[in-house]
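Here is how the chains run, residue by residue.
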Amino acid sequence: MQIDTRQDKPISFERSYPGISPQLMARTRQLWSAKGLDLDEIWNKTIVRFRGFQSGRNWVHDGDSGPIDNFFMFDQAVMWVASLHASATAAENVAETGLSAPQWAALRALTFRMIEQLDAIRLLFLTDLPTPSMQIARSLSEDVDMALAFVSRPKLAKRFVECGTIEEANEFWRRHIAGGRAYKAVSEQLYRAGLELNQSEEYCNWRRQVQTILSAAVHTSYRSPAAYREPTAPGRFSETGDCLYFVTLRLQEMCAYSHGLCAEFSEDLSTISRKGPNDAEDGLQRLTPAISQITMDQLRWTLDSGSTDLMSADLGC
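This one's a predicted model, so the numbers in the text were calculated from it and none came from an experiment.

Cut-offs and rules
- Residues numbered from 1 in each chain as written.
- Predicted model: local features only at pLDDT ≥ 70, side-chain atom pairs only at ≥ 80, totals over all residues.
- Heavy atoms only, no water.
- Helix = DSSP H or I, 4+ residues; strand = E, 2+ residues; numbered from the N terminus.
- Buried < 20%, exposed > 50% of the residue type's maximum accessible area, 1.4 Å probe, protein only.
- Areas by Shrake-Rupley, 256 points an atom, 1.4 Å probe, with all protein chains shown as cover.
- Phe/Tyr/Trp six-rings, centres within 6.5 Å; stacked < 30°, edge-to-face > 60°.
- Core = buried A, V, L, I, M, F, W, Y, C linked by side-chain atoms within 4.5 Å.
- pLDDT = per-residue confidence, 0-100.
- Contact = heavy atoms within 4.5 Å.
- Salt bridge = Lys/Arg side-chain N within 4 Å of Asp/Glu carboxyl O.
- Expected span 1.5 Å × (residues − 1).
- Axes fitted to C-alpha atoms, helices over the stretch in contact; angles between N-to-C directions.
- Parallel < 35°, antiparallel > 145°, perpendicular 65-115°, else oblique.
- Left-handed = near helix turned anticlockwise from the far one by under 90°.
- Patch = residues over 30% accessible without salt bridge, like charges linked within 9 Å, V, L, I, M, F, W, Y side chains within 5 Å.
- Lys, Arg positive; Asp, Glu negative; His and termini not counted.
- Charge placed at Lys NZ, Arg CZ, Asp CG, Glu CD.
- Polar contact = N/O pair within 3.5 Å; in protein donor to acceptor, adjacent residues only side chain to side chain.

Novice: Quick rundown of the overall build of the protein chain? Include the residues and the values.
Specialist: Secondary structure summary: the protein chain contains twelve helices and zero strands in total. Starting at the N terminus, the α and β elements of the protein chain follow one another as α-α-α-α-α-α-α-α-α-α-α-α. A burial count over the protein chain gives 51% of its 317 residues as buried. With the model as given, the accessible surface of the protein chain reaches about 14900 Å², and the carbon-plus-sulfur share is 49%.

See below:
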C-alpha cells in the first residue's frame, strides 16, 4: 500500500505504536519537550514520508511491549539520520565549517543511502521478513563504520567523492572498507581520542555473534529457520525485532562516536543550524544539534537495558 506523504492531515503518532510501554512513551516525550521540539511534527516530517511507510496501528501484541518498544526506538534513531542528512545537504551553502566540503558531501550521499535502507528495514519488520532485513542490516552496519571513518579522515572522504565510475567505487570499497577495514580504522581513531568502541566483553561477544548471523543471511545456505533463533546475549537474535535492536544501537553509536571523533562535528552542526537555508529538508538541519543530544541520551537507555526488552531498563521519568 502506498502512503500519500503529501497529505495535509498529520498521522497520529501515539496510535502508530499500540502496546508500547507507557513509561517509554512518557520519558521520550519528556526528553523531546525538554529540548523544545515537537516530536509529533518531526515524526510526520521524517518517518511518515518514507516511501514504504506503514503505521504500526494494526500491531497485534500479547502484552509484551518489547517488540513494539524496539520498533519505536528504531524510528527515534532514524529521525536523527534524517536530520543529519538535512544538515549535510545544507552544509553546501555554509562556508565556515570544520569538516571539509568532501566530508559533508560524503555524509550527504551516505545518509541518503542509509535512509533508503532504513525505509526497507522498517517495512520488512512490519511484514515479518527477517532474512532480507538482516541482509540490509549488515550493509547498513558497514555504512555506519564508513560514515565514522569519513568524519575522522578527511582524505578518505575526498577519495570517496572523487570516485567517478563504478570501477573506481568498487576499488575504493575493496581497499578502504571491505573486510572490516573501516571498522578497524574507526577503532584506532577512537582509541587515540581516548574512547572505546565498546564498554563490555559481553557486548563485544554479542556483536560478533550478530555480525556472523547477518553475514550468514547474505549467502544462501542449507539452514533451517530455527538456526536464526539461537539465544545470544544480551537478548535473542530470533526475529526482525532483534534486527531492529542491532540497527538502532548502530545508529545511536554513529551519533555518539561522530561527536567524540571530531570536535568540529558538534560545532559544525550548530553553525549549519544557524546559517543553513531554512527551506532545506523542511528546516530539519536547524534541529540536528538537539536531536543529536536526544539520540545520545537514548543510547544510554539502550546500553542500560542490557537486552532487547527495553522494559528491563530504568525508564522512570
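Next comes the rest of the description.
Novice: Break down the packing of aromatic side chains for me, with residues and values.
Specialist: With the rule as written, the count across this model stands at twelve aromatic pairs. Ring geometry for Phe-160 and Phe-172: centres 5.6 Å apart, planes at 55°, overall tilted. Of the two residues, Phe-160 is situated in helix H6 (residues 154-161) and Phe-172 in helix H7 (residues 166-176); the sequence distance between them amounts to twelve residues. Following the ring pairs from residue to residue traces out a cluster consisting of Phe-13, Tyr-17, Trp-43, Phe-53, Phe-71, Phe-72 and Phe-125.

Novice: For the nonpolar core, give the residues involved together with the corresponding values.
Specialist: Counting 76 residues, the largest nonpolar core has Tyr-17, Trp-43, Trp-104, Val-247, Leu-251 and Phe-265 as the members making the most contacts within it. Sort the elements by how many residues they give to this core and helix H3 (residues 66-90) lands first, with 14 residues.

Novice: Before we move on, can you summarise the confidence of the model for the protein chain with the specific residues and values?
Specialist: When the pLDDT values of the protein chain are averaged, the result is 79; 74% of them are 70 or greater. The spread of mean pLDDT over the elements of the protein chain runs between helix H9 (residues 201-218), the lowest at 64, and helix H1 (residues 22-34), the highest at 95. Considering only residues more than four positions removed or in separate chains, one finds that residues 224-237, a stretch of pLDDT under 50, has 31 contacts. Scored below 50 in pLDDT, residues 307-317 shows 30 contacts in the model against residues more than four places distant or in partner chains.

Novice: How would you sum up the pattern of salt bridges? Please name residues and give values.
Specialist: Per the counting criterion, the structure on display carries 13 salt bridges. Here Glu-162 and Lys-158 are joined by a salt bridge, their closest N and O atoms 2.4 Å apart. A relative accessible area of 41% means that Lys-158 is categorised as partly exposed. The closest approach of N and O atoms between Glu-253 and Arg-250, which form a salt bridge, is 3.2 Å.

Novice: Outline helix H11 (residues 263-275), supporting the account with residue identities and numerical values.
Specialist: The periodicity of an α-helix, 3.6 residues per turn, causes residues three or four positions apart to be oriented the same way. The terminal C-alpha atoms of H11 lie 19 Å apart, and with 13 residues this matches the ideal 18 Å at 1.5 Å per residue to within 8%. All of the buried residues along H11 are Phe-265, Asp-268, Leu-269, Thr-271, Ile-272 and Ser-273.

Novice: Got a sec to walk through the packing of helix H4 (residues 101-126) against helix H5 (residues 130-152)? Specific residues and values, please.
Specialist: One way to put it is that H4 packs onto H5 with a least axis distance of 10 Å and a crossing angle of 160°. By the angle between their axes, H4 is roughly antiparallel relative to H5. Once H4 is placed against H5, the crossing between them reads as left-handed.

Novice: Got a sec to walk through a positive patch on the surface? Specific residues and values, please.
Specialist: On the surface, a cluster of positive charge is contributed by Arg-153, Lys-155, Arg-159 and Arg-175. Turning to its location among the elements, Arg-175 is positioned in helix H7. The exposure class assigned to Arg-175 is exposed, which follows from its relative accessible area of 52%.

Novice: With reference to specific residues and values, describe the side chain of Thr-111.
Specialist: Inspection of the secondary structure assignment puts Thr-111 in helix H4. Every residue in contact with Thr-111, bar those within four places of it in the chain, is listed here: Val-81, Leu-84, His-85 and Met-254.

Novice: How would you summarise the environment of Gly-36 if you had to cite specific residues and measurements?
Specialist: Positionally, Gly-36 belongs in the loop between H1 and helix H2 (39-46). Overall, the relative accessible area of 64% leaves Gly-36 in the exposed class.

Novice: Break down the side chain of Thr-97 for me, with residues and values.
Specialist: Tracing the backbone through its elements, the reader meets Thr-97 in the loop between H3 and H4. At 2.9 Å, the side chain of Thr-97 forms a polar contact with the backbone oxygen of Leu-99. In contact with Thr-97, not counting residues within four places along its chain, are Trp-104, Asp-268 and Ile-272.

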